[in-house]
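Chain and residue survey
Here are the chains, one letter per residue:
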Amino acid sequence: MLDWLPENISLEGKEVDFFFYISYYLTNVAFILVAVTMVAFLIIYRQKPGKKAKYSHGNNTLEIIWTVVPTVILLVFVLMTQASWARLKYTPPSNPDVRVEVIGKQFNWVVVYPGPDKKFGTADDLKLDNQLNVPVNKQVLITLKGEDVIHSFFIPAVRLKQDILPGKEIPFWFTPIKTGKYEMPCAELCGVGHSGMNGELVVHTEESYRKWLKTAWSKKEEKS
Ligand SMILES: [Cu+2]
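Just so it is clear, the model here is predicted, and its values are computed rather than measured.

1. Examining the sheet that holds strand S9 (residues 180-185)
Read across the sheet, three strands follow the order S4-S10-S9 without closing on themselves; strand pairing throughout is mixed. Two strands lie at the open edges of the sheet, namely strand S4 (131-135) and S9, each paired on one side alone. For this sheet, the mean angle separating the axes of adjacent strands, direction not counted, is 25 degrees. Relative to strand S10 (residues 198-204), S9 is paired through six bridges, and the arrangement is antiparallel.

Here's what the structure looks like:
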């Protein structure tokens, strides 16, 4: 029952999962309580010969309890998730370790790496289709851009999904804590090629990331 989400591989995702499972268990417990009580009452209070209906005028104490308790639980939960979400989604890091741009277009993610000068829009920028290479245990800040229609940049393993809107630059950040390759699909129906719009997040060890940087830019120089 617990393992049906893909494995989380980001620091931020741990927090998302925490809230996900709290709401998952709360709603499950509430559902089971209500369903079991309903079925039990159907059986216990069913019509029997000689049994008369009893008139009830309610019970104020009980009603106050079952209104106040869920309200307090819900309020605490909402305030906690709000505080978390404000940090995870609305406070981009001012000093990330790695910066990348991802441009969504029909039907590709164009990943732009700033190169040794760490600036975008210069000659040493490297563009790769559908391949996001990042080092493990470093904070990655991506600027999302769009060229045509609305896309949705989704990395299930880091628990983040963000719409891409043409004309807007939207920050998206995470800190991978496990190496490996993870899927990076488009989650917004964007045209006939939507189903094939899938990229790959490659989380490197520090060493293999350095190697990748070297080979990627030497290949680039050969070409130019
Ligand atoms: Cu798309």
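2. Considering the pattern of salt bridges
One side chain can pair with another of opposite charge once the charged atoms of both are near each other. As enumerated under the stated definition, the model contains seven salt bridges in all. With a shortest N-O distance of 3.0 Å, lysine 178 and glutamate 7 are connected by a salt bridge. Of the two residues, lysine 178 is situated in the loop between strand S8 (170-174) and S9 and glutamate 7 in the segment before helix H1 (11-44); the sequence distance between them amounts to 171 residues. Exposure remark for lysine 178: the relative accessible area of 36% places this residue in the partly exposed category.

Cut-offs used in this document
Residues numbered from 1 in each chain as written. Predicted model: local features only at pLDDT ≥ 70, side-chain atom pairs only at ≥ 80, totals over all residues. Heavy atoms only, no water. Pairing = 2+ DSSP bridges. Helix = DSSP H or I, 4+ residues; strand = E, 2+ residues; numbered from the N terminus. Axes fitted to C-alpha atoms, helices over the stretch in contact; angles between N-to-C directions. Salt bridge = Lys/Arg side-chain N within 4 Å of Asp/Glu carboxyl O. Buried < 20%, exposed > 50% of the residue type's maximum accessible area, 1.4 Å probe, protein only.

Take it as geometry only, folks, not as evidence of what the structure does.
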